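What the coordinates show
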Amino acid sequence: MPAFAAVRADWQPSEAWLYDRDGQLLDSERVNFERRRLAWVPLKDISPAVRTAVVQSEDRRFWSHGGVDWLAVASAARARLPIMGGTGDRSRGASTLAMQLAAFLDPSLAQPGKRDWRTKLRQMRAGQALAANWSHNEMLEAYFNLVPLRGEAQGIGAGSRALFGKRPADMTRSDAALFAGLLPNPAAGAEALGRRACRVAQAKDCTAIRAAAATLVSGDRTAQLDPALAPHLAVRLLDKPGKRVTTTIDRRIQTAAIVALRRQLAGLGSDRVRDGAVVVLDNATGEVLAYVGGVGLKSTAASVDGANARRQAGSTLKPHLYAQVIEHGWLTAASILDDSPVQLDTASGLYVPKNYDHSFKGPVSVRHALASSLNVPAVRTLLIDDVQQFRDRLWALGYHGLVEDGEYYGFSLALGSAEVSLVEQANAFRTLANMGNWSPVTYIATRHLRQHPPRTIVNPAAAFIVGDILADASARTDAFGADSALRLPFWAAAKTGTSKGMRDNWCIGWSDRFTVAVWVGNLEGDSMRAVSGTSGAAPVWRDVMLALHAGNPGKPPTMPDGVEARQIALPGTREPPRREYFLRGTAQTEMAAAPQAARRPRITSPISGSVYALDPDIPIDRQRLAVTVSGSVAGYRLILDKKPLGDADAGQQILPRPGSHMLALVDPGGRMIDRVRFTVR
């Protein structure tokens, strides 16, 4: 027989456990599926009622014998042998707790079908060997932890939770009687279990015990003591039996995020939205304070981790695009962008971006375009930047699902066509909160927090300006109203997004201390109905932010070096004069749309890559294609398929013929300024 210390050291539970930053249990995960075993339970943590009931029912002279109860052996022999006056009754045994424990440690001592006197002698010798080397307390403790129970449960740790919904220390006298009643036959039916439990309890009225036995056998009494507060994070971090992981999760914040998400999903209704996720980061350290991968409810994919699943980003990538062009000095927060229809020739055909509400605002400032999440200005901004440069910036910010080059994503990358995870989103926005300094997130709590030296990804001045735009409630009034869910009673910056087909809602934002990222949608990919970023994800973001800052409101950031404020007017737009922030050296006092004469001459119609189809029911000489150009084109000429078409400012019309055509715009000196290809069928 092995030593007690060796048995306890070799004990491998089937579970692993996840704890919050203060050592409180968050969740557990089943890792080994051979048997259901929890942590080893010390004898002092087992209810005295259970200890007494088991000893009385299984081995009443346990504390006085040396592994074999010779009085019980003699009594059993007398009962079995008629020659000694017995009745031949074989139901009466003499197996002690030490002998049963020996069989647990060496299964060959209790093989099915081998209950002859030789096997019994081996059990007796093994029981004596245990008693000679182990204390009685050690034998009883090991017995309680190794005993097989109903179903797949082994040991009182798993049995008390699965069968009684309690910890071993909390079991009552009634529970103790039922537990002891299970030991001879863990698979016994309700009637047999009730009879034996009644004998153990020595009860005069067994009605309550029989009812409890029926409940135990039916399984209706099973309860989950596991808080189950972070099941998706548990799956992510727990990979070995017995593993205990102390995380950076704050139980209070985790609970607040779960409550906010559950309330919002219930309010929206499962016929529209079934899933959601929330991630909360500490801005200073990158610690994950809350990680909610889902809350169940009516989800049809509850086991999928919504916080780590990649979904289409929607408009949430726009802040990173504007930050990049602002830091290069190509645009300022006051620069004017044209929010009007545009068609772009791409390798896969024409790309025609549209705004969320299918309307256009005309000349708008960068501040208004970003705060109101206008799509066409964002695409025009990406034309100023570069798709590959923007893709590389996103990769540097931690969006590592973007494994293709810029050409693969095209101009739609400005509108969030790429797939990203909520954790990636949270940390990228945390970079803006930290004035452009990026560092990885951390899930595991350590005694001495391992600080990763931050890398500056975004110019601090550009990060500050983008944050100021996203915190500007007046700038987003046109799109979201004056009192949307994004408006808090303290400083906070936020960006919403809705993916193609209304499949994903996002809201990511930060205060001075925390970054909160929320996603809602359907993990199976079906579309939501009448749910946008402000009505889907934003209310959860708001509730979590308010809980985080209860009694301690967020403060606006300090303006970094390299930023200057200037009063500016924007004639020709609907925006009133205001104070604006600029990178030092880019400030202006007035910003307006360039006059037509100042714009670079170019062909605006037909669009390069267009395909036009002739209508056979209309005479061909009635089917003409108008040519339009922009800018000051006095003296410029149009060339169609290397043949002069006429003056560019004369309102030319093309009589199209089937085939591929090249239209060029040349200046007075004969230099080609612009050209487009189009096809007529």
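Cut-offs used in this document
Residues numbered from 1 in each chain as written. Predicted model: local features only at pLDDT ≥ 70, side-chain atom pairs only at ≥ 80, totals over all residues. Heavy atoms only, no water. Core = buried A, V, L, I, M, F, W, Y, C linked by side-chain atoms within 4.5 Å. Buried < 20%, exposed > 50% of the residue type's maximum accessible area, 1.4 Å probe, protein only. Helix = DSSP H or I, 4+ residues; strand = E, 2+ residues; numbered from the N terminus. Contact = heavy atoms within 4.5 Å. Pairing = 2+ DSSP bridges. Disulfide = S-S within 2.5 Å. Axes fitted to C-alpha atoms, helices over the stretch in contact; angles between N-to-C directions. Parallel < 35°, antiparallel > 145°, perpendicular 65-115°, else oblique. Left-handed = near helix turned anticlockwise from the far one by under 90°. Nonpolar A, V, L, I, M, F, W, Y, C, P; charged D, E, K, R; others polar. Phe/Tyr/Trp six-rings, centres within 6.5 Å; stacked < 30°, edge-to-face > 60°. Salt bridge = Lys/Arg side-chain N within 4 Å of Asp/Glu carboxyl O. Expected span 1.5 Å × (residues − 1). Arc of directions from axis to C-beta.

Some words on the nonpolar core
One finds Val278, Val280, Tyr291, Tyr399, Leu413, Trp541 and Val544 to be the most contacted residues of the largest nonpolar core, which totals 116 residues. For this core, the element with the most residues is helix H19 (residues 460-470), which contributes eight residues. If near-sequence neighbours (up to four positions away) are discounted, Trp541 is found in contact with Ala485, Leu486, Leu488, Ala492, Ala493, Ala494, Cys507, Ile508, Gly509, Trp510, Val516 and Val518. In this structure, Val7, Val50, Ala102 and Ala153 belong to the second largest nonpolar core, which totals 52 residues.

Observations concerning the pairing of strand S23 (residues 637-640)
Inspection of the sheet shows S23 paired to strand S24 (residues 643-647) by four bridges, in the antiparallel sense. What sits directly across from Leu640, in S24, is Lys643. In sequence, S23 turns back onto S24 through a hairpin of two residues, with Asp641 there showing a positive phi of about 50 degrees. With four bridges joining them, S23 and strand S26 (residues 659-666) adopt antiparallel strand pairing. Residue pairing in the sheet places Ile639 in a bridge with Ala664 of S26.

Some thoughts on the state of the cysteines
By the definition in use, this model includes one disulfide. Covalent S-S linkage joins Cys198 and Cys206, the inter-sulfur distance amounting to 1.3 Å. Judged by relative accessible area, which is 11%, Cys198 ranks as buried.

Focus on the packing of helix H13 (residues 318-327) against H19
Taken N-terminus to C-terminus, the directions of H13 and H19 make an angle of 135 degrees; their axes are 9 Å apart at the nearest point. Here H13 is positioned oblique relative to H19, judged by the angle of their axes. Here H13 and H19 pass one another in a crossing that is right-handed. The residues of H19 that touch H13, namely those facing Pro319, Tyr322, Ala323, Ile326 and Glu327, are Ala462, Ile465, Val466 and Leu470. Tallied by class, the residues present in the contact of H13 with H19 amount to eight nonpolar, no polar and one charged.

As for the packing of aromatic side chains
With the rule as written, the count across this model stands at 12 aromatic pairs. A ring pair is formed by Phe62 and Trp63, whose centres lie 4.9 Å apart and whose planes are at 75 degrees; its orientation type is edge-to-face. Phe62 sits in the buried class, given a relative accessible area of 1%. On the basis of relative accessible area, Trp63 is assigned to the partly exposed category, the value being 48%. Considering the side-chain rings of Tyr612 and Phe678, the 6.1 Å spacing of their centres and the 80 degrees angle between planes classify their relative orientation as edge-to-face. Residue Tyr612 is located in strand S20 (residues 610-612), and its partner Phe678 is located in strand S27 (residues 672-680); the two are separated by 66 residues in the primary sequence.

Here's the deal with the pattern of salt bridges
What the rule picks out here adds up to 29 salt bridges. With a closest N to O distance of 2.6 Å, Arg311 and Asp504 form a salt bridge. Of the two residues, Arg311 is situated in strand S6 (residues 311-312) and Asp504 in strand S15 (residues 504-510); the sequence distance between them amounts to 193 residues. The class of Asp504 is buried, set by a relative accessible area of 3%. What you see here is one network of salt bridges that share partners, running through Arg367, Asp468, Asp472, Glu575, Arg578 and Glu580.

Structural notes on helix H5 (residues 117-133)
Taking 1.5 Å of rise per residue, the 17 residues of H5 would be expected to cover 24 Å, and the 25 Å separating its terminal C-alpha atoms lies within 8% of that figure. Those residues of H5 not exposed but buried are Thr119, Gln123, Met124, Ala126, Gly127, Leu130 and Ala131. Angularly, the buried residues of H5 cover 165 degrees about the axis, an arc narrow enough to put them on a single face. Exposed and oriented more than 90 degrees from the buried face of H5 are Trp117, Arg118, Arg125, Ala132 and Asn133.

Examining the environment of Gly401
Structurally, Gly401 can be placed in the loop between helix H16 (387-396) and helix H17 (406-409). Judged by relative accessible area, which is 24%, Gly401 ranks as partly exposed. Taking the C-alpha atoms as reference points, Gly401 and Val420, separated by 19 residues in sequence, lie 6.1 Å from one another. Ignoring sequence-local partners within four residues, the contact set of Gly401 consists of Arg310, Tyr409, Glu419 and Glu424.

Considering unusual backbone geometry
A cis amide bond links Ser605 to the next residue, Pro606, at an omega of 5 degrees. Tracing the sequence through the fold places Pro606 in the loop between strand S19 (602-605) and S20. Here the phi dihedral of Gln202 falls at roughly 55 degrees; this positive angle occurs in a residue that is not glycine. For Lys642, which is not glycine, the phi torsion reads 70 degrees and is therefore positive. With respect to the element layout, Lys642 can be found in the loop between S23 and S24.

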